[in-house]
Amino acid sequence: MDKQKLELLKSEIDSYTDNNIVVAFSGGVDSSLILKLACDSARLKGTTVYAVTIRSLFNSEEDVIISKKTAAETGAEHIVIYADNFEELGIGNNPPDRCYICKKNIFSKLMEKAKELNAPVVLDGTNKEDLNLYRPGIKALKELGILSPLADAGLTKKDVREIADYYNISTSSRPSVPCFATRFPYNTAITTADIKKVEKGENYLKSLGLYNVRLRIHGNIARIEVDEEYFSTIISNRAEIISKLKSIGYDYVVLDLEGFRSGSMDISLRNQ
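Residues numbered from 1 in each chain as written. Predicted model: local features only at pLDDT ≥ 70, side-chain atom pairs only at ≥ 80, totals over all residues. Heavy atoms only, no water.

Focus on unusual backbone geometry
How we decide: A run of H or I in DSSP counts as a helix once it spans at least four residues, and a run of E counts as a strand once it spans at least two, with each numbered from the N terminus.
At Asn 94, a position not held by glycine, the phi torsion is positive, near 55°. The topology assignment puts Asn 94 in the loop between β3 (77-82) and α4 (98-116).

Put into structure tokens, the structure is as follows:
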């Protein structure tokens, strides 16, 4: 564990907790670490940390359940904001700037909530590695004045997990779960039914004990991405997986031999 980065992180977060603060809280390990350190600091000052979770069609009910549990563990006040308006935002065709449009909208709502709560600072869990990937939503966060202490302190995902484990944070080993729109090619129409099918399919695959799981959808083809060490699990459960995913509504079921990789749908943008 990099203690120097941890001290930088703690110092930055401590500088914000003289007043009430809001943490944009997904229930993932990044925002869980921010929330833990913010609550530890605020407790000494008598201020309040609000863990605000956005619930939309693009994330799962499991995220909300885990967020509520983790917020209770840290002592934060948990608030859920509902934002099921992707069609109104014009992102139903999954445009390449979808993440920017969506983040700008939902974080604007979050900023309004922060104002109601008399919390002048909003923190999110963007880490250093996120800055090197295709993350158009980060532009929206910067425009709105959302602060990212993990990135500021130079913490990678590995750093975050090590520190979270050090603090016994329950989500320290939880895999990343980006929004469901990342399961579809850009410039492809997405419906509520499409998203529900992906959620159902991934929940089933996770029940087999898999770690990182993505069900990437190409029309009526379901492409399974898992870590290579879990290929044997997919093969040994082949018949059941095919039957289950076909019952959900996919005609073809394939295993991606490259294995799990974050942002695999961005390849079309990189090739342009």
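Still to come is the rest of the account.
Focus on the sheet that holds strand β1 (residues 21-24)
Formally: Strand pairing is defined by DSSP finding a minimum of two bridges between the two strands. Fitting a line to C-alpha atoms yields each axis, with helices limited to the stretch in contact; the angle taken between N-to-C directions then spans 0 to 180 degrees.
Taken together, the four strands give an open sheet; going across it, the order is β3-β2-β1-β4, and neighbouring strands pair in parallel fashion. Looking along the sheet, the strands with just one partner apiece sit at the ends: β3 and β4 (121-123). Looking at each pair of strands side by side, their axes are set apart by 30° on average, direction ignored. In this structure, β1 lies alongside β4, joined through three bridges in parallel fashion. Residue pairing in the sheet places Ile 21 in a bridge with Val 121 of β4.

Points about the nonpolar core
Applied cut-off: To qualify as a nonpolar core, a set must consist of buried Ala, Val, Leu, Ile, Met, Phe, Trp, Tyr and Cys residues joined through side-chain atoms within 4.5 Å. The classification of residues rests on relative accessible area computed with a 1.4 Å probe and restricted to protein chains. Under 20% of the type maximum is buried, over 50% is exposed, and intermediate values are partly exposed. Contacts between residues were defined by any pair of non-hydrogen atoms, one from each residue, lying within 4.5 Å.
Residues Val 22, Leu 110, Leu 205, Leu 215, Ile 224 and Tyr 250 are the most contacted members of the largest nonpolar core, which totals 42 residues. Per-element accounting of this core gives the leading share, five residues, to α4. Every residue in contact with Tyr 250, bar those within four places of it in the chain, is listed here: Asp 194, Lys 197, Val 198, Leu 215, Ile 217, Asn 220, Ala 222 and Leu 245. Val 29, Leu 37, Leu 155 and Ile 163 belong to the second largest nonpolar core, which has 28 residues in total.

Observations concerning the pattern of salt bridges
What counts here: In what follows, salt bridge is the name for a side-chain nitrogen of Lys or Arg lying within 4 Å of a carboxyl oxygen of Asp or Glu.
Counted according to the given criterion, the structure contains 22 salt bridges. Among the salt bridges present, the one from Lys 5 reaches Asp 159, with a minimum N-O distance of 2.8 Å. Residue Lys 5 is located in helix α1 (residues 3-14), and its partner Asp 159 is located in helix α7 (residues 157-166); the two are separated by 154 residues in the primary sequence. Ionic pairing is found between Arg 261 and Glu 258, a salt bridge with its closest N-O pair at 3.4 Å. We classify Arg 261 as partly exposed; its relative accessible area is 24%. Residue Glu 258 is classed as exposed on the basis of its relative accessible area, which comes to 57%. In this structure, a network of salt bridges that share partners links the residues Arg 216, Arg 223, Glu 225, Asp 256, Glu 258 and Arg 261.

Taken by themselves, the reported measurements are silent on function.
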